[in-house]
Amino acid sequence: MERLNLHIDEAGNQDLSEGLYLVAVVLHNHDDDVAAPILAYEERLRSAGLKDIPFHGKDLLHGHGLYETMAVGDRKRLLTQFARLMRSLPVSYFVLRYSKGETHDHRELEARIRRDLSSLVFDHLSYFQAFDTISVYYDDGQKALSIALHDALEYVLANNVADYRDADHSARRLLQAADYACTVERASIAYNAGAPTKTHERFFGNRRNFMQSFMKQLSRKRFS
């Protein structure tokens, strides 16, 4: 049985109080081995004396949560190591972006996510139909995305194709990969607008370094 795994994360709030809301989806053919690159990543962390903390971009950049007592230098090294893991994973990804100026309320956001997901699946229908099952990993954290996911997949594909599974961010590296995609794509918006924060520059460097070391590498994984 052919199976496609979708690992989904988001950045920002659905009330658009931060001005921006992103949805990242990491696609993984279940037959493609992710264990080897993940084991290599974990070995690199051990060799470098770095803690194996589940990747959470916002916390890493701002020193919150499990990163609270970690030095900035070590957090930067963790970011670099996870970027290297992302390059080696046999996955692709896409990101949906919504801004406060274009989306006015929770209901409109839900409708736009549903429309955009449906359009993307329609545009790649032969790809998605090649799989017997599509397993969706999302923690149902925000209602609009959860509803849109169900509606879009069940509208475009057969009702019994989508298989919704528990999503433990701390245990699933591909959920962390979706988080990483959100983190880098959000930073790219700031750099492209000529308004990176001091935090962005501390961890990603100037625009040229960000584009070469992070955005360009991640872009090679874009689903097309």
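Quick note: structure is the one above.
Residues numbered from 1 in each chain as written. Predicted model: local features only at pLDDT ≥ 70, side-chain atom pairs only at ≥ 80, totals over all residues. Heavy atoms only, no water.

Caption draft 1: Structural context of the overall build of the chain. Counting its secondary structure elements, the chain contains nine helices and five strands. For the chain, the C-alpha radius of gyration of 17 Å lies close to 17 Å, the compact-globule estimate for 224 residues. Structurally, the chain occupies a C-alpha span of about 50 × 40 × 30 Å along its principal axes. When the 224 residues of the chain are sorted by exposure, 49% land in the buried category. (Helix = DSSP H or I, 4+ residues; strand = E, 2+ residues; numbered from the N terminus. Rg over C-alpha atoms; globule rule 2.2 N^0.38 Å. Buried < 20%, exposed > 50% of the residue type's maximum accessible area, 1.4 Å probe, protein only.)

Caption draft 2: Layout of the side chain of His28. The residue His28 is located in strand β2 (residues 20–29) in this model. Ignoring anything within four residues of it in the chain, the contact list for His28 reads Arg3, Leu4, Asn5, Val34, Pro90, Val91 and Leu174. (Contact = heavy atoms within 4.5 Å.)

Caption draft 3: Representation of the layout of surface pockets. In this structure, the largest pocket spans a volume of roughly 600 Å³. What lines the largest pocket is a set of 26 residues, and nearest its centre among them are Glu10, Ala11, Gly12, Lys58 and Arg186. For the lining of the largest pocket, the elements supplying multiple residues, two or more each, are β1 (3–11), α2 (57–62), α7 (173–192) and α8 (198–204). Per-element accounting of the lining of the largest pocket gives the leading share, six residues, to α7. Within the lining of the largest pocket, the residues separate by chemical class into eight nonpolar, 11 polar and seven charged. (1 Å grid on protein atoms, 1.4 Å probe; cavity = no way out; pocket = protein on both sides within 12 Å on 5 of 7 lines; lining within 4 Å. Points joined across faces, edges and corners; volume = space filled by probe spheres on them. Nonpolar A, V, L, I, M, F, W, Y, C, P; charged D, E, K, R; others polar.)

Caption draft 4: Looking closely at the packing of helix α3 (residues 72–88) against helix α9 (residues 207–219). The geometry of α3 relative to α9 is characterised by a closest axis approach of 10 Å and an angle of 20° between their N-to-C directions. By the angle between their axes, α3 is roughly parallel relative to α9. Note on packing geometry: the crossing formed by α3 with α9 is left-handed. Note on element contacts: α9 touches α3 through Ser213, Phe214, Gln217 and Leu218, opposite Leu79, Ala83, Met86 and Arg87. (Axes fitted to C-alpha atoms, helices over the stretch in contact; angles between N-to-C directions. Parallel < 35°, antiparallel > 145°, perpendicular 65-115°, else oblique. Left-handed = near helix turned anticlockwise from the far one by under 90°.)

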